[in-house]
Amino acid sequence: MNITLEHIGKRFQRYWIFRDVSYKFNGPGAYAILGPNGCGKSTLLRIIGGLQGPSQGKAFYNYDQDRPIPLTDIFQSASFCAPGMEVVEELTLREFFEFHFSFKRAIGGLTVADIINLTGLNTASDKQVGDFSSGMKQRVKLAQAIFSDTPLLLLDEPCTNLDQQGVDQYRGWIEKYAAGRLVIVASNDEREYFFCKEKIEIEKYKP
């Protein structure tokens, strides 16, 4: 999957966060969007994923030069994880994954039981997600994104709220399940984008 940004800009009221971002993301490949807090990393990632519209410019998506993807179809091709992302807290962990993977195929033929086992949350599989700690919830968010069989994986500060065991788990998942995909990480923590060969400094696009 390839994504081309042409002169993307975003402003809130009268203030531009960034302007004139023109860039091409070629999959498979791993890219990091870097910059200090508040610089617009997360906003750009959401624009790339079609979750938020730009104030100027346009994004184009295609599987190859002959197969463009309409913006309305990006949902089926993308997985997303962010700290502020909502989970259905009334569901148990097992119910949450059964719900999620009923509309997104799991990667590599994994079952819900396999995915619960990979998270290490077996003893909490029948507990409501709303009762989980912040670190447990982050593992659930990462699992639903990384284990979805999509060509595009978008990760916003993926190690937020994780302890060292959780960070190590994230590294293992990336090394095993991110190959062959287009992965874009918004971060200022090298542990989160250790595998990214291409790096975009968003400060370059400040007005």
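Summarised in this report is the structure supplied together with it.

Quick notes on the rules
- Within any chain, residue numbers begin from 1 and follow the written order of that chain's sequence.
- Restriction of local features to residues with pLDDT of at least 70 applies here, the model being predicted, together with a cutoff of 80 or more for giving and counting side-chain atom pairs; totals for whole chains, interfaces and linings are based on all residues.
- Side-chain measures here rest on the full set of heavy atoms in the structure, leaving out hydrogens and waters.
- Strands pair, by our definition, only if DSSP identifies at least two bridges between them.
- A helix here means a DSSP run of H or I that spans at least four residues, while a strand means a run of E at least two residues long, and both kinds are numbered starting from the N terminus.
- Residues count as neighbours in contact if any of their non-hydrogen atoms are within 4.5 Å of one another.
- Axes, fitted as lines to C-alpha atoms, cover a helix only where it is in contact. Angles between the N-to-C directions of the axes lie from 0 to 180 degrees.
- Two N or O atoms form a polar contact when they lie within 3.5 Å of each other; inside protein one atom must be a possible hydrogen donor and the other a possible acceptor, and for residues adjacent in sequence the pair counts only when both atoms belong to side chains.
- Excluding any residue in a salt bridge, patches collect residues exceeding 30% relative accessible area, merging like charges within 9 Å and nonpolar Val, Leu, Ile, Met, Phe, Trp and Tyr side chains within 5 Å.
- For accessible areas, the Shrake-Rupley method is used with a probe of radius 1.4 Å. Any residue's cover is judged against the shown protein chains and nothing else.
- The term salt bridge refers to a pairing of a side-chain nitrogen on Lys or Arg with a carboxyl oxygen on Asp or Glu at a separation within 4 Å.
- Burial status follows relative accessibility: with a 1.4 Å probe on protein chains alone, a residue under 20% of its type maximum counts as buried, one over 50% as exposed, and anything between as partly exposed.
- Should an angle fall under 35 degrees it is called roughly parallel, over 145 degrees roughly antiparallel, and 65 to 115 degrees roughly perpendicular, with every other angle called oblique.
- Any residue that is not Ala, Val, Leu, Ile, Met, Phe, Trp, Tyr, Cys, Pro, Asp, Glu, Lys or Arg is counted as polar, Gly included; the first ten are nonpolar and the last four charged.
- Working definition: a ring pair exists when centres of Phe, Tyr or Trp rings (six-membered ring for Trp) sit within 6.5 Å. Plane angles under 30 degrees give stacked, over 60 give edge-to-face, the rest tilted.
- Whether a charge sits over a ring comes down to the Lys NZ or Arg CZ being within 6 Å of the ring centre and within 35 degrees of the ring normal.
- With a 1 Å grid laid over protein atoms only, a set of points is called a cavity when a 1.4 Å probe fits there but cannot get out and a pocket when it is open yet has protein on both sides within 12 Å along at least five of seven lines; lining residues have an atom within 4 Å of a point.
- Grid points are joined across faces, edges and corners, and a volume is the space filled by probe spheres set on the points.

### Overview of the sheet that holds strand β2 (residues 15–26)
Pairing is antiparallel across the open sheet formed by four strands, whose spatial order is β2-β1-β4-β5. Only two strands of the sheet have a single neighbouring strand rather than two, namely β2 and β5 (67–68). Taken together, the six bridges between strand β1 (residues 2–12) and strand β4 (residues 56–64) define a ladder with antiparallel strand orientation. Looking at the pairing, E6 lines up with K58 of β4. In this fold helix α1 (residues 41–48) packs onto β1, β2 and β4, with an angle of close to 130° to the strand it touches most, β1.

### Side note on the side chain of N2
Among the secondary structure elements, N2 is positioned in strand β1. Of note is the side chain of N2, whose polar atom sits 3.2 Å from the backbone nitrogen of G27.

### Notes on a nonpolar patch on the surface
The grouping of F75, V88, F99 and F103 at the surface amounts to a nonpolar patch, some 360 Å² of accessible area in total. Relative to the elements of secondary structure, F99 occurs in helix α3 (residues 93–100). A relative accessible area of 45% places F99 in the partly exposed class.

### Examining the packing of helix α5 (residues 134–146) against helix α6 (residues 164–177)
Where α5 contacts α6, the axes come no closer than 11 Å and their chain directions differ by 0°. Taken together, the axis directions place α5 and α6 in an arrangement best described as roughly parallel. On α6, the residues touching R139, L142, A143 and I146 of α5 are Q169, Y170, W173, I174 and Y177. When the residues that make up the contact of α5 with α6 are grouped by side-chain class, the tally is seven nonpolar, one polar and one charged.

### With respect to the pattern of salt bridges
Oppositely charged side chains can form a pair if their charged atoms are brought close together. With the rule as written, the count across this model stands at four salt bridges. Salt-bridge contacts for R94 lead to D126; the nearest nitrogen and oxygen are separated by 3.2 Å. One end of the pair, R94, is in helix α3; the other, D126, is in the loop between α4 (112–119) and α5, and 32 residues separate them in sequence. Of the charged contacts, one joins R191 and D189 as a salt bridge, the two residues approaching to 2.9 Å between their closest N and O atoms. When its relative accessible area of 36% is taken as the criterion, R191 is described as partly exposed.

### Description of the packing of aromatic side chains
Note on aromatic pairs: each is described by the distance of the centres and the angle between the planes. Inspection of the entire model under this criterion finds 10 aromatic pairs. Relative to Y31, the ring of F25 has its centre 5.0 Å away and its plane inclined at 75°; by these criteria the two rings are edge-to-face. R19 extends its terminal NZ or CZ atom over the ring of W16, reaching a point 4.0 Å from the ring centre.

### Focus: the sheet that holds strand β9 (residues 198–201)
Taken in spatial order, the five strands line up as β6-β7-β8-β3-β9 in an open sheet, and their pairing is parallel. Looking at the sheet topology across the chains shown, the edges are occupied by β6 (78–81) and β9. Sheet twist, expressed as the average angle between the axes of neighbouring strands with direction ignored, equals 15°. Relative to strand β8 (residues 182–187), strand β7 (residues 152–156) runs parallel, the two being bridged by five bridges. Of the residues in β8, the one forming a bridge with L153 is V183. Sitting on the sheet, α1 is in contact with β3 (29–34), β6, β7 and β8, with an inclination near 155° to β8. Strands in contact with α5 are β6 and β7; relative to β6, the strand with the most contacts, it is inclined by about 170°.

### Overview of the layout of surface pockets
There is about 410 Å³ of room inside the largest pocket. What lines the largest pocket is a set of 21 residues, among which F75, F80, M85, K104 and Q144 lie closest to the centre. Class assignment for the residues of the lining of the largest pocket results in 13 nonpolar, six polar and two charged. Considered as a void within the structure, the second largest pocket measures approximately 160 Å³ in volume. Around the second largest pocket, the lining comprises 13 residues; the ones closest to its centre are P54, K58, A59, Y61 and L71. Taken together, the residues that form the lining of the second largest pocket break down as nine nonpolar, three polar and one charged.

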